[in-house]
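The lines below spell out each chain.
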Amino acid sequence: MTSLRTLFAACAALFLAACAGQQLRGTGDLGMVIERASGQVTLVNTSSRQAYARIDGLGDLSHASVVYSRDGRYAFVFGRDGGLSKVDLLEAKIVKRVIQSGNAIGGSISQDGRIVVAQNYTPGGIKAFDAETLELLSEVPAEYAPGKYSKVVGLADSPGNKFVYALFDGGEIWVSDFSNPRAPTTSRYPAGLQPYDGLVTPDGRYFLAGLFGEDGVAILDLWQPEKGARKILENYGRGQEKLPVFKMPHLRGWSVAQGKAYLPAIGRHEVLVVDVATWKEVGRIPVRGQPVFVMARPDGRQVWVNFAFPDNGKMDVIDTLAGKAVRAFEPGKGILHMEFSPRGEHLWLSARDDNKVLIIGTERFDTVGEIAAASPSGIFFTSRAARIGF
Amino acid sequence: MSRSSLVFALFSAFTAAASGAFAEASTAPTPARQKELVHLVRQDCGSCHGMTLQGGLGPALLPADLKDKPAEGLTATIYYGRPGTPMPPWKQFMTEAEAAWIVDQLMREFPK
């Protein structure tokens, strides 16, 4: 009986494969690994923990990032050369590709899934594209003073088809409302010196911009933006000399766990802990380098931290109950990025200089798999499709 | 901006003598060390300047961008960093002669 059923299932699968070119399947356990040196991406499956396709022709992928269509089928890949590529994860191919500007570092997708926005360093500003066709809809140049354009950082979507971002050179937070995608309206809020990245909280209410030029984080309440941005964590360095920062921290994919936010300090080897009800500092946790990514496991019990050069072979794991790092290890060379499986039983890590992606069990810290990849950097799973701020 | 260009000018003057030494080529790094430096520039400088050095948070470092800038000043920027900007000092990780070698390579066509 069992064998008959198996046989039947196998036939059905063959039939589907023959007919439709492939089996029907969902995309909830799929994802993409960027291979920055070769301009390729590897498509992966987080259930089988295997790579299932490799795609090239995506241009310069150093620092590339990815957002997903709300059905989790299409990945929008933003490349350094301004390339914006739409990749079909099921058919494993590029379906559209445009060159949108000289120098993009990331993007985001609107609440309704219809607008993809790219953020650019030069010429500084954001550009909105139709998610279906990649047709250019509109752009907002980051001209913060007459003739002066700023690099844009920290672009994130927020409810109401709005996008929030910060101006590195302009020191402001901007909110662009794309209710009319061809004629966005923008509000500006002074933020502080040299915002280097930003994020929207998982509930979509607050935008935080980390500041490089001064100690502190600027925060804008998107429910009452008319109150303007204010500063939190001011003077967290307490006037001490900063350590040099060999790589800028990233805030997106940041951590809120148990009512507390965990943020990288700039120029110190610490993770700052903030109460999200009061936005006051409630602690700081020493770690073994300048934090780059500080990411909470989806259940919030652990926060994993990687580091800037020269400590980029190390990882620390903070137990949020204990309030300190409980695990310190060296999983590989050049740890650039990490992504949790949708419910957090595994963490995928890219070890750039080992040319592989490691899959680590988050309960026992055992390596449960690895995938070969040429200089892997970003790892992006389709679970991002449903998250606010991505 | 004026503050960083002042610092820049000071450092340029300060290091003009030191980086002159590189021009005599006696201090060129060994081939193995050159490989390490190329990797460092592409990967770790690349996080701000782009792996293809076309710019990012930091400016582009292609020959066309650097051609009118004095090499000594650029060497000083790498070695000492530029206070007040995200450009960090690299002196823990290389000698000044190695920084001068990097500038020299940047001004031609940086090795892959």
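Small disclaimer: the values here were computed from a predicted structure and weren't measured. (Residues numbered from 1 in each chain as written. Chains lettered and ligands numbered in written order. Predicted model: local features only at pLDDT ≥ 70, side-chain atom pairs only at ≥ 80, totals over all residues. Heavy atoms only, no water.)

*Asks:* Explanation requested: the environment of V200 of chain A in the structure shown.
*Replies:* All names here are of chain A. Its location among the elements puts V200 in strand β18 (residues 195-200). A relative accessible area of 5% places V200 in the buried class. The sequence separation of V200 and G170 amounts to 30 residues, and the corresponding C-alpha distance is 20 Å. Setting aside residues no more than four positions away along its own chain, V200 makes contact with A156, D157, S158, Y206, F207, L222, W254, I388 and G389. (Helix = DSSP H or I, 4+ residues; strand = E, 2+ residues; numbered from the N terminus. Buried < 20%, exposed > 50% of the residue type's maximum accessible area, 1.4 Å probe, protein only. Contact = heavy atoms within 4.5 Å.)

*Asks:* I keep staring at the nonpolar core and nothing clicks. Help me out?
*Replies:* Judged by nonpolar contacts, the single largest core of 39 residues is most densely connected at I173, F207, L208, L233, L263 and W279 of chain A. Those elements that provide at least two residues to this core are β14 (152-158), β15 (162-167), β16 (172-177), β18, β19 (206-211), β20 (217-221), β23 (260-264) and β24 (270-275) of chain A. When sequence neighbours within four positions are dropped, the list of residues in contact with L233 of chain A reads D215, G216, V217, L263, L272, V274 and E281 of chain A. Core analysis: the next-biggest nonpolar cluster, separate from the first, contains 20 residues, F246 of chain A together with V41, I78 and W90 of chain B among them. (Core = buried A, V, L, I, M, F, W, Y, C linked by side-chain atoms within 4.5 Å.)

*Asks:* Whenever I open this one, the interface of chain B and chain A confuses me. Can you help?
*Replies:* One frequent convention defines the size of an interface as the accessible area lost when the parts assemble. On the chain A side, the residues contacting the 23 residues of chain B number 23 residues. Here chain B and chain A share an interface that buries about 1,900 Å² over both sides, 59% of which is from carbon and sulfur atoms. Between D44 of chain B and R352 of chain A there is a salt bridge, and its shortest N-O distance comes to 3.8 Å. Seen at the junction of chain B and chain A, the total is three residue pairs in polar contact (both at pLDDT 80 or more). Residues that form the side of chain B that touches chain A fall into these classes: eight nonpolar, 13 polar and two charged. (Buried area = accessible area lost by both parts, 1.4 Å probe. Salt bridge = Lys/Arg side-chain N within 4 Å of Asp/Glu carboxyl O. Polar contact = N/O pair within 3.5 Å; in protein donor to acceptor, adjacent residues only side chain to side chain. Nonpolar A, V, L, I, M, F, W, Y, C, P; charged D, E, K, R; others polar.)

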